[in-house]
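Each chain, letter by letter, is given below.
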Amino acid sequence: QLLFQDALEQQVPPTSFIFDNKKQSGRPVASCRLNYNVPILRLWFNAEAELRQEFRLSRRAMQSLQRLLKRDLAHGLSYRVVSSVFSVPRSTVHRIVNKVARHIQNNLKKVIHFPRAEDLDTVGEGFGLLAGHQVFNNDVGAIDGCHIRIKPPQLHRLDYLNYKGFYSINMQAICDAEGRFLDIFVGYPGSVHDTRILKNSPFYLAGQYPPTGYFLLGDGGYPCLDSPIAVITPYKEPVIGAVQGRFNFRHSRARSVVERSFGIMKTRWRSTLFKALEVRPAFAPLVIATCAFLHNVCLDNGDLLEPDADVAQDIFDPQAPREGLAHDERSGSATRDRLAALLIQEAH
């Protein structure tokens, strides 16, 4: 629909459409209809054909997305490729991508949201299964940050240079044991530390999640906290003794689901997220949030895939150094020690 609208507004005769010039009440009227001979449109309208290879979503996920947004959608390839496939100017593709991304942003909380209170125990049981121990049954999320490559602006260019050596925007996410995003916070330049992003994120400032009695799992780049929210991190390497080693092993098994989620999202939208984004840095957070939204839609509709090996390696690169506690934070070390001790007690 958006392609039709822009084509009519610009009077651009793309091969995806057939323009008709008719007269109504003696006056010329311009209209257009689909040209079903265009290969990608033949694929779309063949109800038996699978869409994932061309559209990166299964047909079931695409239909669910249309129901969520109540409109037709555009593809996720580069502006150049979409422009070529549909024979429309890049400026038209740019407008469509902006319209769809902003529409998804307005509907983001339909798909990315924290679980209801009555679902928390189910979420925790999922993490207990991942860890292989019920000590982790009160874990209701794994938190981490991910760097999305961008073409940096000339102004404040070095702000976007991350510790890995490339220009990026940060995406912080919390996911459940299924790899579904529960919360995202996107937009800080790549040089900003994960801890600073956490402490400026809305859920942290509101003390919104997790509720009392539950905790999140974070990697060694975060502080181990009991308040204002509970975030349990691994013991610093090298560990001291079998207790710490056993805890870190179980912790890693549960927490790594968030890294896997980033890998799946980057694999699905590889041409968008695994190379420098072809958009202005100011618009990049909206594109990234859109990809996270679509990631959840895919999972909700059974559209699963494995992360590519090179994407996984990019995700698992070394962490930034850990920052210390602020004056208004309380350490979670005692809670971590208690959980670690329970692992050993139940092992005996």
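Cut-off values and rules
- Residues numbered from 1 in each chain as written.
- Predicted model: local features only at pLDDT ≥ 70, side-chain atom pairs only at ≥ 80, totals over all residues.
- Heavy atoms only, no water.
- Buried < 20%, exposed > 50% of the residue type's maximum accessible area, 1.4 Å probe, protein only.
- Helix = DSSP H or I, 4+ residues; strand = E, 2+ residues; numbered from the N terminus.
- Pairing = 2+ DSSP bridges.
- Expected span 1.5 Å × (residues − 1).
- Contact = heavy atoms within 4.5 Å.
- Salt bridge = Lys/Arg side-chain N within 4 Å of Asp/Glu carboxyl O.

1. Description of the pairing of strand 6 (residues 215-218)
So, step 1. By the alternation rule, side chains of strand 6 split into F215 and L217 and L216 and G218, which are all buried.
So, step 2. As paired strands, strand 3 (residues 139-149) and strand 6 are joined by three bridges and run parallel to one another. By the bridge assignment, D139 is partnered in strand 6 with F215.
So, step 3. Note that strand 6 and strand 8 (residues 231-232) share two bridges and pair parallel.

2. Section: helix 7 (residues 120-131)
So, step 1. For helix 7, with 12 residues, the first-to-last C-alpha span of 17 Å sits near the 16 Å given by 1.5 Å per residue.
So, step 2. Every buried residue of helix 7 is accounted for by L120, V123, G124, G126, F127, G128 and A131.
So, step 3. Looking at the buried side of helix 7, the elements it contacts are strand 3, strand 4 (168-175), helix 10 (241-255) and helix 11 (257-268).
So, step 4. Looking one or two residues past helix 7, G132 carries a phi angle of roughly 80°, positive in sign.

3. Quick look at the pairing of strand 4
So, step 1. With eight of eight residues buried, strand 4 lies mostly within the body of the structure.
So, step 2. Residues S168, N170, Q172 and I174 line one face of strand 4 and the alternating positions I169, M171, A173 and C175 line the opposite face, and both faces are buried.
So, step 3. In this structure, strand 3 lies alongside strand 4, joined through eight bridges in antiparallel fashion. From the neighbouring strand, H147 faces strand 4, where its bridge partner is N170.
So, step 4. Two elements, strand 4 and strand 5 (residues 181-189), share six bridges in a ladder whose sense is antiparallel.

4. Focus on the environment of G141
So, step 1. Here G141 is to be found in strand 3.
So, step 2. When residues no more than four places from it in sequence are discounted, the contact partners of G141 are F127, I174, C175, F215, L216 and L217.

5. Some details on the environment of E178
So, step 1. Relative to the elements of secondary structure, E178 occurs in the loop between strand 4 and strand 5.
So, step 2. It is 9.2 Å that separates the C-alpha atoms of E178 and V258, two residues lying 80 residues apart in sequence.

6. A few points about the pattern of salt bridges
In a structure, side chains of opposite charge can pair up when their charged atoms sit close to one another.
So, step 1. This structure, assessed with the given rule, holds nine salt bridges.
So, step 2. The partner of E329 in a salt bridge is K199, and the shortest N-O contact between them spans 3.2 Å. Of this pair, E329 sits in the loop between helix 14 (309-315) and strand 9 (330-331) while K199 is found in helix 8 (residues 194-200), placing the two residues 130 residues apart along the sequence.
So, step 3. Across the pair E306 and R260 runs a salt bridge, and its minimum N-O distance is 2.9 Å. Placement of E306 in the loop between helix 13 (284-300) and helix 14 and of R260 in helix 11 is noted, with a sequence separation of 46 residues between them.
So, step 4. Take E306: its relative accessible area is 54%, and that puts it in the exposed class.
So, step 5. Taken together, the salt bridges that share partners define one network made up of R116, E118 and D119.

7. Re unusual backbone geometry
So, step 1. Here the amide bond leading from S227 into P228 is cis, since omega sits at 10°, within 30 degrees of zero.
So, step 2. Tracing the sequence through the fold places P228 in the loop between strand 7 (225-227) and strand 8.
So, step 3. With omega at -5°, the peptide bond leading from E237 into P238 counts as cis.
So, step 4. By secondary structure assignment, the location of P238 is in the loop between strand 8 and helix 10.
So, step 5. In the Ramachandran plot, H156 falls in the positive-phi region, its phi being about 60° despite a non-glycine side chain.
So, step 6. Its location among the elements puts H156 in the loop between strand 3 and strand 4.
So, step 7. Accessibility expressed as a relative area gives 52% for H156, which makes it exposed.

8. Digging into the environment of L51
So, step 1. Residue position: L51 is located in the loop between helix 2 (39-45) and helix 3 (52-55).
So, step 2. On a C-alpha basis, the gap between L51 and M62 in space is 8.5 Å, while along the polypeptide they are 11 residues apart.

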